[in-house]
Amino acid sequence: MQPAELDLTRYSVWLEGETDFAGWRDAARRLALNEIRPEDIGWHVAASSDRPQNDLPEVPRDAQLVVPREFIDHAETAFCHCDPGRFAFLYRMLWRLRTEPRLLAIASDPDTRRLETMEKAVRRDSHKMHAFVRFRKIADGGEERYAAWFEPDHFIVERNADFFVRRFTGMRWTILTPYASADWDGERLAIGPGAAKADAPDQDDTEALWRTYFENIFNPARLKVKAMQKEMPKKYWRNLPEASLIPDLIAGADKAAIEMIARMPTTPAPHHAKVQAKHWPMREPAEATDEISAETISELRDAAKGCRRCPLWRDATQTVFGEGPDNAKVVFVGEQPGDQEDLAGKPFVGPAGKVFDAILDDAGVDRQKVYVTNAVKHFKFEPRGKRRIHSKPNAGEVQACRWWIDREFALIKPELAVALGATAALSLLGKAIPVTKMRGQVVEREDGLRVFITIHPSFILRIHEPSEKEAERARFLQDMREVKRLMAA
Ligand code: URA
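As the structure is a prediction and not an experimental result, all values here were calculated from the model.

A.B. asks: I'd love a proper account of helix α3 (residues 86–99), names of residues and values included.
C.D. replies: If you check α3, its first and last C-alpha atoms are 21 Å apart, about what 14 residues at 1.5 Å a residue would give, namely 20 Å. Every buried residue belonging to α3 is among Arg86, Phe87, Phe89, Leu90, Tyr91, Met93, Leu94, Trp95, Arg96 and Leu97, and all of these are buried. Where α3 is buried, its residues touch β1 (11–15), α1 (21–33), β2 (41–45), α2 (69–78) and α4 (110–132).

What follows is the structure in structure tokens.
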């Protein structure tokens, strides 16, 4: 902390703690609305006993501060970073955003890059906390009670406490870290001050349990030793009873199992913002607003990031929006993103996307020149162990997502739409149609849009018999050649 008398700036802001985002936000709003420049502000943290009163200007009447909503989300995450310069840095970003509203979209801007790097570090640290906190039983007047010691790199206890409440609701537990502690008594969560490692227990009879647990869930894919070390840095090994098992498990691993698991779909990146938001109900969900004034596909895509029009956003990693030129002549519509699309945030990049790309290529259709999107923009799946199994969106989900499709079409104004499969046809035509029967036909909508009907490329993937597969591929190629002809017509 910088003593007040050495602070030569015009305004000093005293925050109540390292994670006092509400205090920062209020001060930043007042200062920005009074045109106080970043270099005129000193930011400090002090405990209540020696914290001077903040003397900040009032908000001028009728003044409004307009910054992109997503900035607040980004700032809240970056605020947990251990960088002592973050308060000033975030204010500088806020300051710039008033006159550069697209700043967050400029990936090459040093401030935007710094914000992203800080957020990544915080999310990664949170992921580590979820994975590596180990509770140990402690004696507490005959009642069961658990305590854990954890050393985060950033100020992440508050934002992750709720995760542990959900995971260990039935236990009484305390997580101690050097800067803060979280305590759950079965009903109430309390955030307290930091502790010393000596305050946490070292050994107990839950050690054996953890070891058994680890042996049972051991996954040979972890044997990518580098990846394993990256995921479980040595720093955390000290606190993990199972770490002593790792060499044996490495020696006993079976190559086939490794290959099999490497082929499996991945579970969603646990550090993703979506997953964070799910574990953190205090955060307000973006509204399912009808007042989006996007004038470009890129603005529409940004708006869709916070889509809550149906419940699928809860389990998906992110919105997977359409991609392609704003003035494409043809829009291809698939069903919904799959596992890989959900992780990558891009449509048709997984196995079905590879088939689609190859056949488009054979047909002479340049994917860069067409727009590719999905009827439903969030991945719907059933978890099965580590895998996420595709689950067909229902009519309500298709209907909810038509809001986005309609706006994509209104902006792009294509000459032709291609419905890849039944869900796309339902979305585009507003009614279920027999795709195999109508395949190859063009249906004209009331608004004049022509919709070409064909199968979904994943249908080809699901055929095992080689000659049938080849025949189906040839039929789909024929359909894509017809699309190309219609494009040129
Ligand atoms: N299937 C779809 O319908 N869309 C994708 O983006 C990927 C697979």
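A.B. asks: Could you give an account of the sheet that holds strand β9 (residues 371–374), naming the residues involved and the relevant values?
C.D. replies: With mixed pairing, the 5 strands of this open sheet are ordered in space as β9-β8-β12-β14-β13. The sheet is open, and its two borders are formed by β9 and β13 (442–444), each paired with just one other strand. Strand after strand, the sheet turns through a mean of 25° between neighbouring axes, direction not considered. Taken together, the 3 bridges between β13 and strand β14 (residues 450–454) define a ladder with antiparallel strand orientation. Residue Glu444 lies in a different strand from β14, and its bridge partner there is Arg450. Strands β8 (330–334), β12 (416–420), β13 and β14 of the sheet are contacted by helix α16 (residues 422–429), whose axis makes an angle of about 140° with β12. The strands that helix α19 (residues 466–488) touches are β8, β12, β13 and β14; relative to β14, the one it contacts most, it runs at about 165°.

A.B. asks: An account of the pairing of β12 is requested, with residue identities and associated values reported.
C.D. replies: Across the 5 residues of β12, 5 count as buried, placing the element largely inside the fold. Here β12 shows no split at all, with Leu416, Val418 and Leu420 on one side and Ala417 and Ala419 on the other all buried. Pairing of β8 with β12, which is carried by 4 bridges, proceeds in the parallel orientation. In the sheet register, Val331 faces β12, and the bridge partner there is Ala417. Bridge count for β12 against β14 is 5 bridges, and the pairing is parallel. Bridge pairing links Val418 to Phe452 in β14.

Cut-offs and rules
- Residues numbered from 1 in each chain as written.
- Predicted model: local features only at pLDDT ≥ 70, side-chain atom pairs only at ≥ 80, totals over all residues.
- Heavy atoms only, no water.
- Helix = DSSP H or I, 4+ residues; strand = E, 2+ residues; numbered from the N terminus.
- Expected span 1.5 Å × (residues − 1).
- Buried < 20%, exposed > 50% of the residue type's maximum accessible area, 1.4 Å probe, protein only.
- Contact = heavy atoms within 4.5 Å.
- Pairing = 2+ DSSP bridges.
- Axes fitted to C-alpha atoms, helices over the stretch in contact; angles between N-to-C directions.

So, to be careful, I would describe these as geometric facts and stop short of saying anything about function.
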